[in-house]
Amino acid sequence: MTEPILKVEGLSKVFGGLTAVNDVSFELAKGEILGLIGPNGAGKTTLFNVISGYYAPTRGRIIFQGKDVSGKPPYALAHRGLGRTFQVVKPFAGLSVLENVIIASFLKHPRRAQAEVQAWRVLELTGLADRANLPAASLTLAGRKRLEIGKALALEPSFLLLDEVVAGLNPTETDRTMELILNLRASGISILIVEHIMRVIMGISDRLVVLNFGQKIAEGAPRDVARNPSVVQAYLGKEQE
Amino acid sequence: MEILPQVLLDGIMLGAVYIIIAIAFSLVYGVMHVIDFAVGEWIMLGAFTGFHLTQWTKVDPFLLLPLVFLIFGGLGYLIQPLLQRVISGHKGNPLLMGLVFTFGLSLMFRGLAQTFFGFYSHSIPSRFSTGSFFFEKGSFFLTVSTVRLAGLVYAAIITGVLHYLLKHSDFGLGVRALAQHKEAAGLMGVNNKRTSAYVYAIYTGTSAMTGVLIGTILSVSAKMGPEYTIFAFFVVVLAGMGYLAGVPAAALLLGVIQSVFLVYLDPGYTLLAVFALLYVILLVSPTGLFRKGV
Amino acid sequence: MAPVHKDKRLLGALVVFAAMLGVPLAMHDTFFLRVLTEAIMWIGLALSFDVLAGYTGYLNFGHSAFFGIGAYATSLLMMKAHWPFPLAVLAGAMAAAVAALVIGMPTLRLRGAYFAIATWALARAIQQFALVSSFTGGPDGMRLTAYLNPQYFYYVMLAVTASTFFGLWFLLERAPFGLKLKAVREDQESAKALGLNPTKLKIQAMVLSAIPTALLGGVFAYWVTFIDPGSTLGDLVSDQALVMVVFGGMGTLVGPVVGAVLIFAFKTLFWAYLSAYEVLYIIILGAVIALSVVFLPDGALGMVFRRRKAPEADLETPAGHAPEFPNEEEA
């Protein structure tokens, strides 16, 4: 069995008095789409932030591609092939759509000319090519989400962290994004995805990990997890038969 | 060493006045997220206005405080929409541009002050200026100057009023909501523009009033602005931006430092010491002494 | 992006530069030459200020410190150690670069607003220090041996400013560095996720802004033969650079040039006719800054070259303008 691309071991993150993530462990195999779900406040975003280097773990380790990367800053992880999107999209508002992606392309293409070529490729892939020279601030939410994914893709990552990339999109846009994600997996990228919209995450995930109050309460195939009583309870509260 | 308690007392009483400046400044930061570079100039303008009004009307400056508040509160209310426009626009760094705006204002005010008020330093006379209370207990004695005591009373009253306003009024509720989450507050009917305008007006009015006080306790000059801006920054950064509970301690500390330099060392070095301390704090713990700042 | 030899803007700049080379040959009025020399100096100062301010989004209120370091280093080396002028100026630039590193490393980790306060405080502290220190001549300043040759200084100043302009043009507009700085300016956290190290980039920008400033300071010292804390370390250098950049258009190269020319022209005319009303000058300066920020968000340049106005799909959705990303690395 090949080495998993990501191993989270006994990870905890404590902020002062609050334990946002409590002793969470799981693995993600190469080419797998792992869904991370849980009620609001379960610690999903914090977990994302620790894995992508924005927070250092209080306890535990992150093993990425066989190496311990716990506490490494986000830019170091980007160089190692880890890309992420943000739940609250962060476009470079004052720059054009094209410039946004060019900046991301610099990681693997240090020279301007090749970075620009790469950027156009990504814009074609994400359907933003017609808006390349418009200010990023002028994009609709759907456009911004696609730009967000595009920037992560321009890094040529081997692993992607997708944080609620379909929240706020209409059904058509959602379907397009789902298709894009599946295509990415087909091209060899492993994906860890957080999403609230059930049909999306059930539809594309190979496996699910469920968090509640910072702890992992379930793991497995989507169908099995959906029937797990503690998961149901976590989402619907205690008055459940 | 005998006079140390006196020095400390004077410092604390001076510090009480700084509390007001810091609270008002923090309020603006909390609601508009802008650091006002012109805070010292508002203080200076208020001080000069108090000085000239007193001379003109022969009324004690303490009685003129409400008038000064109204004048400068009104001025702040009129200027605020410009600031609001800056921070809601600007593709780049709206908050930084807001800072630049206030910086431009500070230059203007300083120039205007030098033009209309001249280059000399004055002290605002008040019936409280002379006179003091004398406490004695064995070999331990303290002089409490009435003007500083009046300043303390002023600080207490204003703090009380602001506290009441913030915690027990609808307006205050709106302000706190706005400071925590702009969108949610807006969705619940808090008018961002109007509330921000009032907050800014309160800030400018209060700063001007405090200027009058500083003018009676210490002095006023057209060049005093930057000094008090640094003081305000110092207190607010030390307390932790947006962390109002930390303000009293930080303000009192500043008052004591100033007092100590005045008596034991060269007052000219006060500024240098404050700059240096501010710089060090920003590097070591930018979220303030209590690490609760934003 | 247009290839170098076809870039119209670059060609335009080269033409202007060529024209400026010819000025002393055509113009023999030394007063006018001196005015031009100073104008060129301000263009250079505005450009270097914009590197950190416009491109990176960090306002260095202590910018004048670099100017002063260049001026004082040059004076000290020339007067006390008898170094030749070119060497002294270069040494001054190196000193400023080191200073930028030393000041930048701790302060650039801060957020923009805190950085502004910190540099503002630091600049005033440095000025106070220079006033009391006898090594630098205290409040009386320093004199240099006079070398009176207006043409010489015109060309030297032009050389420094021109190399700054073209150097920055390459580094900021053609090379990836400029875009990376803008990324840091727009959204630091997002930039990190893309593999950029914001602190490193910011420090590089600060050093880049310090070097030309110090060179100009060194040339200035030898040119005017007398320097003191007021003229070299005071607010006026930073404040004027700030106005020029804000008024002209931040985050561009042409903006600071335009701003510098216009503001300097205004300053010269003002001092020529209204010098009795000194204080009016800072009132106007302040008003220009404040009004530019409100009404000219892209500077005078932005007004002239209105970018194609795409319909601002003003999505102030809850996802649009979130509060600052909580980050452990900096405050």
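Quick notes on the rules
Residues numbered from 1 in each chain as written. Chains lettered and ligands numbered in written order. Predicted model: local features only at pLDDT ≥ 70, side-chain atom pairs only at ≥ 80, totals over all residues. Heavy atoms only, no water. Helix = DSSP H or I, 4+ residues; strand = E, 2+ residues; numbered from the N terminus. Contact = heavy atoms within 4.5 Å. Areas by Shrake-Rupley, 256 points an atom, 1.4 Å probe, with all protein chains shown as cover. Rg over C-alpha atoms; globule rule 2.2 N^0.38 Å. Buried < 20%, exposed > 50% of the residue type's maximum accessible area, 1.4 Å probe, protein only. Lys, Arg positive; Asp, Glu negative; His and termini not counted. Charge placed at Lys NZ, Arg CZ, Asp CG, Glu CD. Salt bridge = Lys/Arg side-chain N within 4 Å of Asp/Glu carboxyl O. Expected span 1.5 Å × (residues − 1). 1 Å grid on protein atoms, 1.4 Å probe; cavity = no way out; pocket = protein on both sides within 12 Å on 5 of 7 lines; lining within 4 Å. Points joined across faces, edges and corners; volume = space filled by probe spheres on them. Buried area = accessible area lost by both parts, 1.4 Å probe. pLDDT = per-residue confidence, 0-100. Pairing = 2+ DSSP bridges. Axes fitted to C-alpha atoms, helices over the stretch in contact; angles between N-to-C directions. Core = buried A, V, L, I, M, F, W, Y, C linked by side-chain atoms within 4.5 Å. Left-handed = near helix turned anticlockwise from the far one by under 90°. Phe/Tyr/Trp six-rings, centres within 6.5 Å; stacked < 30°, edge-to-face > 60°.

In this section: the overall build of chain C. Scanning chain C from N- to C-terminus turns up 14 helices and two strands. The contacts of chain C with a sequence gap of at least 6 include a subset with a gap of at least 24, amounting to 80%. Accessible surface computed for chain C: about 13800 Å², of which carbon and sulfur atoms make up 69%.

A word on the overall build of chain A. Each helix and strand in chain A was counted, giving nine helices and ten strands. Taken over C-alpha atoms, the radius of gyration comes to 18 Å for chain A, in line with the 18 Å a tight globule of 241 residues would show. Its C-alpha atoms give chain A principal-axis dimensions of about 55 × 40 × 40 Å. Put simply, chain A has 241 residues, and 56% of those count as buried. For chain A, the accessible area works out to roughly 9800 Å², and carbon and sulfur atoms hold 51% of it. Taking the average place of the 28 positive charges on the side chains of chain A and the average place of its 23 negative ones, the gap between the two points comes to 5 Å.

All names here are of chain A. Applying the stated criterion to the full structure yields 17 salt bridges over all chains. Between Arg 227 and Asp 224 there is a salt bridge whose closest N-O contact spans 3.4 Å. In this pair, Arg 227 and Asp 224 both sit in helix H8 (residues 222-227), three residues apart, roughly one turn of the helix. Among the residues examined, Asp 224 registers a relative accessible area of 46% and is labelled partly exposed.

The next subject is helix H9 (residues 198-224) of chain C. Residue and element names in this part refer to chain C. Taking 1.5 Å per residue as the helical rise, H9 with its 27 residues ought to reach 39 Å, and the 39 Å between its terminal C-alpha atoms agrees with that figure. Most of H9 is tucked away: 22 of the 27 residues are buried. One or two steps after H9, the chain reaches Thr 225, where phi turns positive at roughly 60°.

Next up on the list: the environment of Met 241 of chain B. Residues and elements named next belong to chain B. Mapped onto the fold, Met 241 is located in the loop between helix H9 (225-239) and helix H10 (247-263). Met 241 gets classed as buried once you look at its relative accessible area, which sits at 0%. With 219 residues separating them along the chain, Met 241 and Ala 22 place their C-alpha atoms 9.7 Å apart.

In this section: the layout of surface pockets. Put simply, the second largest pocket is a space of about 790 Å³. In terms of lining residues, the second largest pocket is bounded by 23 residues, among which Arg 110, Gln 114 and Lys 223 of chain B together with Asp 235 and Ile 282 of chain C are the most central. Taken together, the elements giving at least two residues each to the lining of the second largest pocket come down to helix H4 (94-117), H9 and helix H11 (268-284) of chain B together with helix H5 (112-132), helix H11 (235-248), helix H12 (254-274) and helix H13 (278-295) of chain C.

With 45 residues of chain C in contact, the opposing surface of chain B contributes 45 residues. Overall, the association of chain C and chain B removes approximately 4000 Å² of surface from exposure, summing both partners, and the carbon and sulfur fraction of that is 76%. Area buried by chain C at its contact with chain B is led by Tyr 114, Ile 117 and Trp 120 of chain C, which between them contribute 16% of it. Run the count over chain C and chain B and you get zero salt bridges. Of all the secondary-structure elements, those providing two or more residues to the side of chain C that touches chain B are helix H4 (85-107), H5, helix H7 (176-186), H11 and H13 of chain C. The greatest single-element share of the side of chain C that touches chain B, amounting to 13 residues, is contributed by H5 of chain C.

Below, the discussion takes up the confidence of the model for chain C. All names here are of chain C. Per-residue confidence for chain C gives a mean pLDDT of 84; residues scoring 70 or more make up 89%. Predicted confidence in chain C is weakest over helix H14 (residues 299-304), with a mean pLDDT of 78, and strongest over H9, with 95. Segment residues 308-331 is flagged for pLDDT under 50; beyond a separation of four residues in sequence, or across chains, it makes 49 contacts in the model. Here the prediction assigns the complex a pTM of 0.87, and the interface score ipTM is 0.90.

Moving on, we get to the sheet that holds strand E9 (residues 207-212) of chain A. All names here are of chain A. With mixed pairing, the six strands of this open sheet are ordered in space as E6-E7-E8-E3-E9-E10. Since the sheet does not close on itself, it has two edges, and those belong to strand E6 (82-84) and strand E10 (215-220), each with one partner. The average angle at which neighbouring strand axes cross in this sheet is 15°, direction not considered.

Let's shift gears to the side chain of Thr 161 of chain C. All names here are of chain C. Along the polypeptide, Thr 161 turns up in helix H6 (residues 150-174). Among the residues examined, Thr 161 registers a relative accessible area of 7% and is labelled buried. What Thr 161 contacts, discounting residues up to four positions off in sequence, is Ile 40, Met 41, Ile 43, Gly 44 and Leu 216.

With that out of the way, let us pick up the pairing of strand E2 (residues 18-28) of chain A. Residues and elements named next belong to chain A. Bridge count between strand E1 (residues 6-15) and E2: seven bridges; the pairing is antiparallel. By the bridge assignment for E2, Leu 11 is matched with Val 24. Counted along the chain from E1 to the antiparallel partner E2, the turn is two residues long, and its residue Gly 16 has a positive phi close to 55°.

Residues Tyr 18, Phe 37 and Leu 278 of chain B together with Phe 61 of chain C are the most contacted members of the largest nonpolar core, which totals 231 residues. If you tally residues by element for this core, the top one is helix H1 (residues 4-32) of chain B, at 16 residues. In contact with Phe 37 of chain B, not counting residues within four places along its chain, are Leu 99, Thr 102, Phe 103, Ser 106, Thr 229 and Phe 233 of chain B together with Phe 61, Ala 116, Ile 117 and Trp 120 of chain C. Listed in part, the 28 residues of the second largest apolar core include Leu 28, Ile 51, Phe 159 and Val 209 of chain A.

Another point: the sheet that holds E2 of chain A. Residue and element names in this part refer to chain A. Within the open sheet, the four strands sit side by side as E2-E1-E4-E5. Their pairing is antiparallel. A strand with exactly one partner marks an edge of an open sheet, and here the two such strands are E2 and strand E5 (67-68). Together, E1, E2 and strand E4 (59-64) form the strand contacts of helix H1 (residues 44-51), whose direction differs from that of E1 by roughly 115°.

Residues and elements named next belong to chain C. Direction vectors running N to C along H4 and H9 enclose 145°, while the axes themselves pass 8 Å from each other. Where H4 crosses over H9, the handedness of that crossing is right-handed. Listed contacts from H9 to Phe 85, Val 89, Leu 90, Gly 92, Ala 93, Ala 96, Ala 97, Ala 100, Leu 101, Ile 103, Gly 104 and Met 105 of H4 are Ile 203, Met 206, Val 207, Ala 210, Ile 211, Ala 214, Leu 215, Gly 218, Val 219 and Tyr 222.

Glancing now at the pairing of E4 of chain A. Successive residues of a regular strand alternate their side chains across the two faces of the sheet. Residues and elements named next belong to chain A. Across five bridges, the pairing between E1 and E4 is antiparallel. Paired with Glu 9 across the two strands is Arg 61, which belongs to E4. Pairing between E4 and E5: two bridges, direction antiparallel. Its bridge partner being in E5, Phe 64 is matched across the sheet by Lys 67.

So, about the packing of aromatic side chains. Scanning all chains against the criterion turns up 37 aromatic pairs over all chains. Consider the rings of Tyr 77 of chain B and Tyr 198 of chain B, whose centres lie 5.4 Å apart with planes at 25°: the pair is stacked. Note that Tyr 77 of chain B is positioned in helix H3 (residues 61-88) and Tyr 198 of chain B in helix H8 (residues 192-217), a separation of 121 residues in sequence. Judged by its relative accessible area of 32%, Tyr 77 of chain B falls in the partly exposed class. Note on Tyr 198 of chain B: relative accessible area 37%, which makes it partly exposed. Relative to Phe 153 of chain C, the ring of Tyr 147 of chain C has its centre 6.1 Å away and its plane inclined at 65°; by these criteria the two rings are edge-to-face. Classification of Tyr 147 of chain C as partly exposed rests on a relative accessible area of 32%. An aromatic cluster of at least three residues, connected via ring pairs, comprises Phe 25, Phe 37, Phe 103 and Phe 233 of chain B together with Phe 61 and Trp 120 of chain C.

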